[in-house]
Amino acid sequence: MVPIILVLLLALLLFGAGFALKALWWIAVVVLIVWLLGFVVRPTASGGRRGRWYRW
């Protein structure tokens, strides 16, 4: 009985980790797209040159 429970817990753990990693990959792709769009759509600073779109 104990080996069956251990196998089920391992499968549940791996399924949960796989789902979390897949979600993190999608979040990383979205952040990358937003970051790249920030280089294309930058506001102009004073003097007509391109400014930074981020604050730091």
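Shown above is the structure to which this text applies.
A. Main features of the overall build of the chain. Helices and strands together make up the secondary structure of the chain, namely one helix and zero strands. By residue count, 4% of the 56 residues in the chain fall in the buried class. In the structure as shown, the chain presents an accessible area of about 5500 Å², 79% of it carried by carbon and sulfur atoms.

B. Region of the structure containing a nonpolar patch on the surface. Nonpolar side chains collect at one region of the surface, where Met 1, Val 2, Ile 5, Leu 6, Leu 9 and Leu 12 lie side by side and expose about 670 Å² of accessible area between them. Judged by relative accessible area, Val 2 falls into the exposed class, the value being 56%.

Thresholds, definitions, all that
Residues numbered from 1 in each chain as written. Predicted model: local features only at pLDDT ≥ 70, side-chain atom pairs only at ≥ 80, totals over all residues. Heavy atoms only, no water. Helix = DSSP H or I, 4+ residues; strand = E, 2+ residues; numbered from the N terminus. Buried < 20%, exposed > 50% of the residue type's maximum accessible area, 1.4 Å probe, protein only. Areas by Shrake-Rupley, 256 points an atom, 1.4 Å probe, with all protein chains shown as cover. Patch = residues over 30% accessible without salt bridge, like charges linked within 9 Å, V, L, I, M, F, W, Y side chains within 5 Å. Salt bridge = Lys/Arg side-chain N within 4 Å of Asp/Glu carboxyl O.

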